[in-house]
Amino acid sequence: MGVDRYSGLPFVARFRWSVGKLMERFYRSFEEKKIMAAKCEKCSYTVVPPRQICPQCYSKLGESCLVELSGRGVVESFTEVNFKLDGKGGYIWLEKPEVLAAIKLDGASSTIFARVEGDVKLGSKVEPVWAEKTEGKPSDLIGFRVIE
Ligand SMILES: [Zn+2]
């Protein structure tokens, strides 16, 4: 029995799990390089990634609440990181530090956390960086880049 190269566990997990209807739509829209949010029909709070319950008024959010965002946004806070997780309980030190930022996307009430390329400052305007070939998977959205 080998060790699963992704999880580091001594077995290969052969199952699929659901992220829920709204998160599934969120990831599938990456194939078309779109970022979807859920806008509450009661209080207009717009959460990204979309959740099934409004974080502000606790109303149930369904597929009719999904709205497309432009993908552009503003950096609200950020930090530098010097390593990333290797998926096996360890770390991989980076040759060059990366910036992780809380980004408020235009039209959203909440922030999304992602890697940002460029000269990042508080208030920097950013746009998404997509994989060359998108497949409707989380890895399609590589991060964001500073545009202003
Ligand atoms: Zn609400």
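Reading the values: rules and limits
Starting from 1, residues in each chain are numbered consecutively following that chain's sequence as written. Two thresholds apply to this predicted model, a pLDDT of at least 70 for residue-level local features and 80 or more for giving and counting side-chain atom pairs, whereas whole-chain, interface and lining totals are computed over all residues. Hydrogens are left out, water is left out, and the side-chain values use all remaining heavy atoms of the structure. Here a strand is any run of E in DSSP of at least two residues, a helix any run of H or I of at least four, and the numbering for each starts at the N terminus. The buried label goes to any residue with under 20% of its type's maximum accessible area, the exposed label to any with over 50%, and the partly exposed label to all in between, with areas taken from a 1.4 Å probe on protein chains only. The contact rule is simple, with two residues in contact once any of their heavy atoms fall within 4.5 Å. In this description, accessible areas are obtained by the Shrake-Rupley approach with a 1.4 Å probe, and a residue is regarded as covered only by the protein chains that are shown. Each metal site lists N, O and S donors within 2.8 Å (3.2 Å for Na, K and Ca). With water left out of the atoms, a site can look as if it is missing ligands. A four-donor site is called tetrahedral if each angle lies between 85 and 135 degrees; a four-donor site is square planar, and a six-donor site octahedral, when trans pairs exceed 155 degrees and the remaining angles lie between 65 and 115; all other cases are labelled irregular. Here, strands pair whenever DSSP counts at least two bridges between them. All axes here are fitted lines through C-alpha atoms, helices being fitted over the stretch that makes contact, and every angle between N-to-C directions spans 0 to 180 degrees. Side-chain rings of Phe, Tyr and Trp (the six-membered ring for Trp) are treated as a pair once their centres are within 6.5 Å; stacked means planes under 30 degrees apart, edge-to-face means over 60, and tilted covers the remaining angles. To qualify as a nonpolar core, a set must consist of buried Ala, Val, Leu, Ile, Met, Phe, Trp, Tyr and Cys residues joined through side-chain atoms within 4.5 Å. Note on definitions: salt bridges are taken to be side-chain nitrogens of Lys or Arg within 4 Å of carboxyl oxygens of Asp or Glu.

### Here we look at the overall build of the protein chain
Counting its secondary structure elements, the protein chain contains one helix and eight strands. Among the 148 residues that make up the protein chain, the fraction classed as buried is 36%. Nonlocal contacts in the protein chain, meaning residues at least 24 apart in sequence, comprise 50% of its contacts between residues at least 6 apart. Accessible area of the protein chain: about 9900 Å², with a carbon and sulfur share of 51%.

### Points about the coordination of the zinc ion
Summarising the metal site, the zinc ion is bound by the protein donors Cys40 (SG), Cys43 (SG), Cys54 (SG) and Cys57 (SG), whose distances to it range over 2.3 Å. Taken together, the four donor atoms coordinating the zinc ion and their angles of 103 to 116° define a geometry best described as tetrahedral. Of note, the donors binding the zinc ion are all from one chain and are spaced C-x2-C-x10-C-x2-C. Of the two residues, Cys43 sits in the loop between strand S1 (35-39) and strand S2 (46-47) while Cys57 sits in the loop between S2 and strand S3 (66-69), which places them 14 residues apart along the sequence. By relative accessible area, which is 25% here, Cys57 ends up partly exposed.

### Structural notes on the sheet that holds S3
Spatially, three strands are ordered S2-S1-S3 in an open sheet, and the strand pairing comes out antiparallel. The sheet terminates laterally at S2 and S3, the two strands that pair on one side only. Those strands touched by helix H1 (residues 21-28) are S1 and S3, and its axis lies near 150° from that of S1.

### Looking at the packing of aromatic side chains
Any two aromatic rings considered together are summarised by their centre-to-centre distance and by the angle between their planes. On inspection of all chains with the given rule, the structure shows six aromatic pairs. With a centroid separation of 4.6 Å and 75° between ring planes, the pair formed by Phe83 and Tyr91 is classed as edge-to-face. Grouping aromatic residues by their ring pairs yields a cluster made of Phe26, Tyr27, Phe30 and Trp130.

### Points about the nonpolar core
Among the nonpolar cores identified, the biggest contains 21 residues, and Phe26, Ile35, Val48, Ile103, Leu105, Val116 and Phe144 are the most heavily contacted of them. Among the elements of the structure, H1, S1, strand S5 (91-105), strand S6 (112-117), strand S7 (125-130) and strand S8 (141-146) are those that each provide at least two residues to this core. Per-element tally for this core: the top contributor is S5, with four residues. If we skip the residues at most four places from it in the chain, Phe144 touches Ile35, Gly71, Ile103, Leu105, Ala114, Arg115, Val116, Glu117, Val126, Glu127, Pro128 and Val129. Counting ten residues, the second-largest nonpolar core is a separate cluster that includes Leu22, Leu61, Cys65 and Leu66.

### So, the pattern of salt bridges
Summed over the entire model, instances satisfying the criterion amount to eleven salt bridges. Note that Glu32 is salt-bridged to Lys34, the shortest N-O span being 3.2 Å. Under the relative-accessibility criterion, Glu32 is labelled exposed at 55%. A relative accessible area of 27% places Lys34 in the partly exposed class. A salt bridge links Asp119 to Lys121, with the shortest nitrogen-to-oxygen separation between them at 2.7 Å. Looking at Asp119, the relative accessible area reads 56%, which means it is exposed. It is possible to trace a salt-bridge network through shared partners that takes in Glu32, Lys34 and Glu68.

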